[in-house]
Structure formats: structure tokens, C-alpha cells
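Given next are the chains, with one letter for each unit.
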Amino acid sequence: MPELPEVETTARGLRERIVGRRVVEVGSLDWPRMAPNATLAALAEATVGRTFESVTRRGKFVIAGLSGEVFLVLHRKMSGNLVLRTADLPIVPHTHLTVELDDGWRLDFIDPRKFGRIYLFLGRESLDAFLDARLGPEPLEIARRDLDRLLDARRGRLKSVLLDQTFLAGIGNLYADEILWESRLHPERPASSLTPRERDRLHTAIRDVLASAIERRGTSFADYVDATGEQGSNQDYLQVYGRAGLPCSRDGCGTLIVRRVVAQRGTWLCTRCQPPA
DNA sequence: CATTACCTGCAA
DNA sequence: TTGCAGGTAATG
């Protein structure tokens, strides 16, 4: 489940390897609804012959910028991966886009569940309009005072607010649970009910949980691998996600982690460290 | 707010 | 064989 840390790791890996490379060929778009605003022909026409100038991340989107303000934007949703391979290797099953580069490497978008999306934007304005309509601020850049403003504008529960990409961009189910455990906040607390001290804890936890997951190159819980096909290590450091029945690791706690459904999502928490009120 | 659709792999 | 996993858009 690629969330902010996994997408950041992938973007960094791609940046190292494809910036400065020219697109030679584009292919394999076998599932047209994965590219809502472009056909294979349009993708090829816009990118072949152009050179990658940047690879960035915004929320869970990877944004590959080519010369002439052409942007290839990819969202991996749940099972998607972006992997670089040498062009002589066969295309594996569930590959839905291939971008061949001038140095003998190929960027493959592989997604068994076909939930992933591929967008093409010509010009920075159309890219920014697309992103700004969907995404709130970056969690690693949000100032403490701005978090107040964001929280006060929300009436839902913490868990669903954290999952809302227009609140903060890039947090998904796994990191929402980890952030709430780290903050010692119950997922069903109303977002606007937090005391200043609790907001401090939430602000710190958002930064710490996401930053350390990036340092560990992401969580390889199910499908995720980075741009070179390597797994991250953050799955070895999870405190609650997927850990029902295991003891809470907080000093002297040991309460068994429970799973329940909050905001229609599997949600793991320590009921002692994260009291309902 | 909640529910459903989109998809496939995999566990029960 | 059924149902669950979950990101997001669309729909009650």
C-alpha cells in the first residue's frame, strides 16, 4: 500500500536514474481506463524524444517532468509499483505502461489490481490545477499553527480526517494508525476536540512517523517495492498496524493491540495508550 | 455522513 | 467459494 514514504522513496530512486534520460518508446497501455486523460498514442506523442528533467512527489502521486513542461503523473493506489529494469528483460504480467529510455533501461508500471492511474499534463498550470483540486498541504511541511487551522475546519473523527487527502496529502491507512498510536490519540476522537497539548503530539507524530519511514525506505507490507525492486524495512518497526493480539511496546504497557473498523477501514490501536476521551 | 464500484490475489 | 485487503471517485 504505497503511501507518502513509499512514494517518496520511489520518486528519489527514479530521480537518480532517469533524470537526463530521453524517452525512446512508450508501450503496453492495455487497460485504457488506467489513463483517464490520455491514450497510448497521446502519451507517446507527448513524451517520445523528450528528456526527463525532474521526478517529484506530491501526496501519493509521482510526477515525472519532461522537457517542454510535459508531465507524466502516476498514482499507484493499492498494488501498483514503478520499477526500472533493463530493456532486454521480459515484460512481467500486470505491466500496464512501459517507458523505454535511451540508456537501455525501461520504466515499468506494474499493477495487478489495475486501480493505479496514469495522467498526462501539458503545461504546469494544468498539472497544478489537477493536484490542488485533490490535495491538501504536505504533512512534512505543515507548521504547528497551520495544523490548528486545518483541525478546526474538520468535524469528522481523527482517523477519517487523517485519511482525507484534502486535509493532508499522502497519509493512508497504515500511517494513520501508526501516527495515532505515536500521538496517543484514539482514532474516533473528533478532530476538532483536541487540546493544544494533544495537537502538539499529533504534529510531532506526523513528522516523526513519516520521516523515519522514509529513512527506512518505506513499508513493504504487501506489494510494495521501490524503483529498483528492493523492499523497505519499516514493516519491522510498525507499532500497531496488522499487530492485533501482540503487546503494545510502549514503556510498561503491554496491552494487547486490537483491530476494529473505523471509517470503514481496518484500524489497529492500543486501547490503554489511546483512550477514547 | 455511509456505501458502492473499481480490480485481483490470497487466505479462510 | 466467499470475502477481505484499501485509495479514491461516485453515489445514497
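About the cut-offs
Residues numbered from 1 in each chain as written. Chains lettered and ligands numbered in written order. Predicted model: local features only at pLDDT ≥ 70, side-chain atom pairs only at ≥ 80, totals over all residues. Heavy atoms only, no water. Axes fitted to C-alpha atoms, helices over the stretch in contact; angles between N-to-C directions. Helix = DSSP H or I, 4+ residues; strand = E, 2+ residues; numbered from the N terminus. Parallel < 35°, antiparallel > 145°, perpendicular 65-115°, else oblique. Left-handed = near helix turned anticlockwise from the far one by under 90°. Contact = heavy atoms within 4.5 Å. Nonpolar A, V, L, I, M, F, W, Y, C, P; charged D, E, K, R; others polar. Expected span 1.5 Å × (residues − 1). Buried < 20%, exposed > 50% of the residue type's maximum accessible area, 1.4 Å probe, protein only. Arc of directions from axis to C-beta. Near = heavy atom within 4 Å. Polar contact = N/O pair within 3.5 Å; in protein donor to acceptor, adjacent residues only side chain to side chain. Domains from an automatic or database assignment. Buried area = accessible area lost by both parts, 1.4 Å probe. Salt bridge = Lys/Arg side-chain N within 4 Å of Asp/Glu carboxyl O. Pairing = 2+ DSSP bridges.

Visitor: What should I look at first to understand the packing of helix α6 (residues 173–183) against helix α7 (residues 196–215) in this one?
Guide: The relative placement of two packed helices is expressed as an angle between their axes plus a distance between the axes. At a minimum axis separation of 8 Å, α6 and α7 run at an interaxial angle of 130 degrees. Looking at the two axes, α6 sits oblique to α7. The hand of the α6/α7 crossing is right-handed. Along its contact with α6, which presents Tyr-175, Glu-178, Ile-179, Glu-182 and Ser-183, the element α7 presents Arg-201, Leu-202, Ala-205, Ile-206, Val-209, Leu-210 and Ala-213. Grouping the amino acids of the contact of α6 with α7 by side-chain chemistry returns eight nonpolar, one polar and three charged.

Visitor: Help me understand α7, please; the structure alone is not making it clear to me.
Guide: Residue pairs spaced three or four apart in an α-helix point in one direction, given the helix's 3.6 residues per turn. Taking 1.5 Å as the rise per residue, α7 with 20 residues should run 28 Å; its terminal C-alpha atoms sit 29 Å apart, in good agreement. If you check which residues of α7 are buried, you get Glu-198, Arg-199, Leu-202, His-203, Ala-205, Ile-206, Val-209, Leu-210, Ala-213 and Ile-214. Projected onto a plane normal to the axis of α7, the buried residues spread over an arc of 165 degrees and lie on a single side. Exposed and oriented more than 90 degrees from the buried face of α7 are Pro-196, Arg-197 and Glu-215. Along its buried surface, α7 packs onto α1 (4–18), α4 (144–152), α5 (158–163) and α6. Just past α7, the residue Arg-217 takes up positive phi, approximately 60 degrees.

Visitor: I would appreciate a short explanation of the protein's contact with DNA strand C in the present structure.
Guide: Surveying the vicinity of DNA strand C reveals 16 residues, the closest of which are Met-78, Arg-113, Tyr-241, Arg-259 and Arg-265. In DNA strand C, atoms within 4 Å of the protein come from the sugar-phosphate backbone in 54% of cases. One nitrogen or oxygen atom from the side chain of Gln-165 is found 3.3 Å from a phosphate oxygen belonging to DNA strand C. The dominant element in the surface near DNA strand C, judged by the number of residues it contributes, is strand β10 (residues 265–269), at three residues. Across the surface near DNA strand C, the residue classes tally to five nonpolar, four polar and seven charged.

Visitor: Which parts of the structure should I look at to understand the side chain of Gln-274?
Guide: By the secondary structure assignment, Gln-274 is in the segment after β10. Residue classification places Gln-274 among the buried residues on the basis of a relative accessible area of 0%. At 3.3 Å, the side chain of Gln-274 forms a polar contact with the backbone oxygen of Leu-180. Excluding anything up to four places from it in sequence, Gln-274 contacts Leu-180, Trp-181, Arg-184, Leu-185, His-186, Pro-187 and Leu-269.

Visitor: Whenever I open this one, the domain arrangement of chain A confuses me. Can you help?
Guide: According to the domain assignment, chain A contains domain 1 (4–132) and domain 2 (144–269). The largest per-residue losses of area from domain 1 upon contact with domain 2 belong to Pro-5, Glu-6 and Thr-9, which jointly make up 34% of the total buried on that side. Linking domain 1 with domain 2 are zero salt bridges. Our enumeration of links across domain 1 and domain 2 arrives at five residue pairs in polar contact (both at pLDDT 80 or more). Listing elements by their share of the side of domain 1 that touches domain 2, those giving two or more residues are α1 and β5 (81–86). It is α1 that contributes the most residues to the side of domain 1 that touches domain 2, ten residues altogether. Classifying every residue of the side of domain 1 that touches domain 2 by side-chain character gives seven nonpolar, six polar and seven charged.

Visitor: Hey, could you run me through the sheet that holds strand β1 (residues 23–27) in this one?
Guide: Whether parallel or antiparallel, the strands of a sheet pair through hydrogen bonds between backbone atoms. Strand order in the open sheet formed by four strands is β1-β6-β7-β5, with antiparallel pairing between adjacent strands. Of all the strands in the sheet, the pair left with one neighbour each is β1 and β5. When strand polarity is set aside, the average angle formed by the axes of neighbouring strands in this sheet is 20 degrees. Bridging between β1 and strand β6 (residues 95–101) involves four bridges; their strand directions are antiparallel. Each residue of the ladder has a partner; that of Gly-27, found in β6, is Thr-98. Packed on one face of the sheet, α1 meets β5, β6 and β7 (105–110) and runs near 30 degrees to β5. Relative to β1, helix α2 (residues 40–47) is tilted by about 175 degrees, and along the sheet it contacts β1 and β6.

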